[in-house]
Amino acid sequence: MTDVTPRRRDFLLLSVYIMTQNCKYSEALTMVQAMLILGDCSKETLLARTTLLFLLNRFDLALESLRELDALDPLEQFGKYVRTDEQSMRHYIRARCLYTIHDADKAKDAIDIYLGNRRERLSS
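In what follows, the accompanying structure is described.

About the thresholds
- Residues numbered from 1 in each chain as written.
- Predicted model: local features only at pLDDT ≥ 70, side-chain atom pairs only at ≥ 80, totals over all residues.
- Heavy atoms only, no water.
- Helix = DSSP H or I, 4+ residues; strand = E, 2+ residues; numbered from the N terminus.
- Buried < 20%, exposed > 50% of the residue type's maximum accessible area, 1.4 Å probe, protein only.
- Contact = heavy atoms within 4.5 Å.
- Salt bridge = Lys/Arg side-chain N within 4 Å of Asp/Glu carboxyl O.

### Details of the environment of F59
Relative to the elements of secondary structure, F59 occurs in helix α4 (residues 59–72). Judged by relative accessible area, F59 falls into the buried class, the value being 10%. It is 8.8 Å that separates the C-alpha atoms of F59 and R94, two residues lying 35 residues apart in sequence. Once residues within four sequence positions are removed from consideration, F59 is found in contact with F54, C97, T100 and I101.

See the structure below:
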């Protein structure tokens, strides 16, 4: 069981956000990793870890974190839905990471998925 209540999680994630705004990515990542060790494997905490790894240019670890996040909160939804800003960000991070680590085929697919929603908005 976790000692990280929703209220504590909100406070800790606010602290992570403030550190990130001040470009203290390593310190913020340390806090997020501590939250994970305490058992807080929430979507918000995993998203914070993924974002921080991306900002630290640790693209292989960011992709691994994205896979874990996708298992907890899949991006693919069936039926008619509108992609959220968070989902777009996750698609962008995936595309940039794959492109940067030179996985050309997967990067192209990820870029097409990321841009797909943008193209729909432009043509509407």
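From this point, the narrative continues.
### Comments concerning the environment of K108
Here K108 shows up in helix α6 (residues 104–123). In this structure K108 comes out as exposed when scored by relative accessible area, which is 52%. When the C-alpha positions of K108 and A95 are compared, they lie 7.6 Å apart, and in sequence the two are 13 residues distant.

### Re the pattern of salt bridges
Considering all chains together, one arrives at eight salt bridges under this definition. We note a salt bridge from R49 to E68, for which the minimum N-O separation is 2.7 Å. Here R49, found in helix α3 (residues 43–55), pairs with E68, found in helix α4; they are 19 residues apart in sequence, far enough to count as distant. On the basis of relative accessibility, which here comes to 37%, the residue E68 falls in the partly exposed class. Across the salt bridge formed by E86 and R90, the nearest N and O atoms sit 3.2 Å from each other. One end of the pair is E86 and the other is R90, both in helix α5 (residues 85–100) and four residues apart, which spans about a single turn. Judged by its relative accessible area of 0%, R90 falls in the buried class. Members of the salt-bridge network, linked through shared partners, are K43, D70, D73, E86, R90 and R94.

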